[in-house]
Protein chains: 2
Amino acid sequence: MDAPRETILRAASDLFAHHGFAATSLLDIAGAVGVSKAAVYHYFPTKQVIYEAIVADILQRLYDHVSAAVPPDGAGAPTRLHTAMRAHAEFFEMNYTEYVTLLHGFGGLSRVVSDDERTIRRRYETMFRTIIATGIEAGELRDANAAVVARGALSMLNWMTRWFDPKGARRAVEFADDYFDMLAHGILAP
Amino acid sequence: MDAPRETILRAASDLFAHHGFAATSLLDIAGAVGVSKAAVYHYFPTKQVIYEAIVADILQRLYDHVSAAVPPDGAGAPTRLHTAMRAHAEFFEMNYTEYVTLLHGFGGLSRVVSDDERTIRRRYETMFRTIIATGIEAGELRDANAAVVARGALSMLNWMTRWFDPKGARRAVEFADDYFDMLAHGILAP
């Protein structure tokens with residue numbers, strides 16, 4: 001066989017990311033690799049299985065990259081956490097296309113953001129940023145970058161859409177309380 | 001006309017969320033509302049336009065809900081930010097289906113998470129949680145909930161996929177540095 005599993009995954013990932021999952025056929029994938037459809041079938045019975053393999057593959061590589069970067073216990077938790085966060089960001093940027101496909105599902109990069117959406121989003125983020133900037137000016141908040149704080153707070157809230165269980169024991173506002181406490185006081189021991 | 005814009009948007013949102021954008025036709029939407037396809041066309045020329053309208057609509061309502069909840073300046077920035085975060089979480093939970101559709105695009109709730117993916121994700125989050133728990137035990141970190149801190153840090157990193165510009169002036173690791181500083185020291189003035 002001249003079409004190894006990884007070559008197929010890479011080609012499929014690229015097609016999914018740029019054209020979306022729905023618009024990509026097994027034939028497109030075979031064509032991009034330069035093999036027959038049967039050769040692709042040999043490794044993957046359906047497009048869905050290819051997608052799942054891409055996701056599992058990139059998550060595994062993310063894990064390997066970050067765990068290799070984190071220094072041993074002796075370095076202390078703040079340094080270890082900081083290094084892990086940097087390694088994650090580094091991996092994300094090095095694998096941008098695949099990573100976005102993974103995290104945003106079948107739509108991939110093809111989702112179009114309308115001008116309306118952009119305007120409302122900007123206004124919403126500005127509301128948070130203004131609250132923070134006002135607090136910095138009043139001396140209630142540390143002299144931080146208001147844009148970073150606003151974005152950090154909204155990121156944590158928005159990412160809830162990926163793991164929150166509407167039938168779970170805790171309400172969404174309770175998680176918001178946890179995040180606020182963490183943001184307010186920080187995690188370093190005083 | 002007996003099929004107001006909002007009824008169409010609500011029905012379409014429900015179909016997109018449960019079956020995905022690709023699998024939903026204008027005819028399905030008309031059927032769910034109980035009108036003819038022509039009635040839907042009267043308001044929306046394409047499915048894409050309906051999707052954009054749903055997104056703009058829910059973002060507008062989120063903005064209205066949160067801005068109405070935030071108390072005036074006199075309440076102080078910490079209280080105002082905390083209230084805004086809670087109001088956001090509350091809105092998200094009240095509008096769960098629509099909200100997930102909005103944030104995760106055309107795939108909606110229909111994205112299937114394989115067991116492999118779940119296992120690797122869990123292991124990755126555990127790595128972060130362990131770093132934090134070890135730091136709490138060692139007295140380097142505040143006695144926080146390690147799961148919340150791990151999830152908060154990963155949420156901020158993961159959400160970068162939604163706004164990071166690979167061609168922008170700053171690298172992903174620089175944003176990771178910003179987030180780490182904010183997490184480490186907190187935002188309240190000392």
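Residues numbered from 1 in each chain as written. Chains lettered and ligands numbered in written order. Predicted model: local features only at pLDDT ≥ 70, side-chain atom pairs only at ≥ 80, totals over all residues.

## Focus on the overall build of chain A
Phase 1 of the analysis: Counting its regular elements, chain A contains nine helices and zero strands.
Phase 2 of the analysis: Reading chain A from its N terminus to its C terminus gives the helix and strand order α-α-α-α-α-α-α-α-α.
Phase 3 of the analysis: The C-alpha radius of gyration of chain A comes to 21 Å, more than 25% above the 16 Å expected for a compact globule of 190 residues.
Phase 4 of the analysis: In terms of principal-axis extent, the alpha carbons of chain A reach across some 65 × 50 × 35 Å.
Phase 5 of the analysis: Across the 190 residues of chain A, 39% fall into the buried class.
Phase 6 of the analysis: In chain A, 52% of the contacts between residues at least 6 apart in sequence involve partners at least 24 apart. (Helix = DSSP H or I, 4+ residues; strand = E, 2+ residues; numbered from the N terminus. Rg over C-alpha atoms; globule rule 2.2 N^0.38 Å. Buried ≥ 20, exposed ≤ 12 C-beta atoms within 10 Å, placed from the backbone. Contact = placed C-beta atoms within 7 Å.)

## Examining the relation of the copies chain B and chain A
Phase 1 of the analysis: Aligned on chain A, chain B shows an RMSD of 0.0 Å; the corresponding rotation is 180° and the shift along the axis is 0.0 Å. The transformation just described matches what one would write down for a two-fold rotation axis. Taking C-alpha positions as reference, the residue of chain B nearest the rotation axis is Gly186 of chain B, located at 1.7 Å.
Phase 2 of the analysis: Of the interface residues in chain B, 100% have counterparts in chain A that sit at the interface too, so the contact is made through matching surfaces. (Least-squares fit on C-alpha atoms with pLDDT ≥ 70 in both.)

## Brief notes about the domain arrangement of chain A
Phase 1 of the analysis: Taken as a whole, chain A is organised into domain 1 (5-110) and domain 2 (115-185).
Phase 2 of the analysis: A C-alpha centroid distance of 29 Å is found between domain 1 of chain A and domain 2 of chain A. (Domains from an automatic or database assignment.)

## Details of the packing of helix H1 (residues 5-19) of chain A against helix H2 (residues 26-33) of chain A
Residue and element names in this part refer to chain A.
Phase 1 of the analysis: Between H1 and H2, the least distance of the axes is 9 Å, while the angle of their chain directions is 120°. One finds that H1 runs oblique with respect to H2. For the crossing formed where H1 meets H2, the hand is right-handed. Contact with H1, carried on its side by Thr7, Ile8, Ala11, Ala12 and Leu15, involves Asp28, Ile29, Ala32 and Val33 of H2 and no other residues of that element.
Phase 2 of the analysis: Of the residues assigned to the contact of H1 with H2, the class counts are seven nonpolar, one polar and one charged. (Axes fitted to C-alpha atoms, helices over the stretch in contact; angles between N-to-C directions. Parallel < 35°, antiparallel > 145°, perpendicular 65-115°, else oblique. Left-handed = near helix turned anticlockwise from the far one by under 90°. Nonpolar A, V, L, I, M, F, W, Y, C, P; charged D, E, K, R; others polar.)

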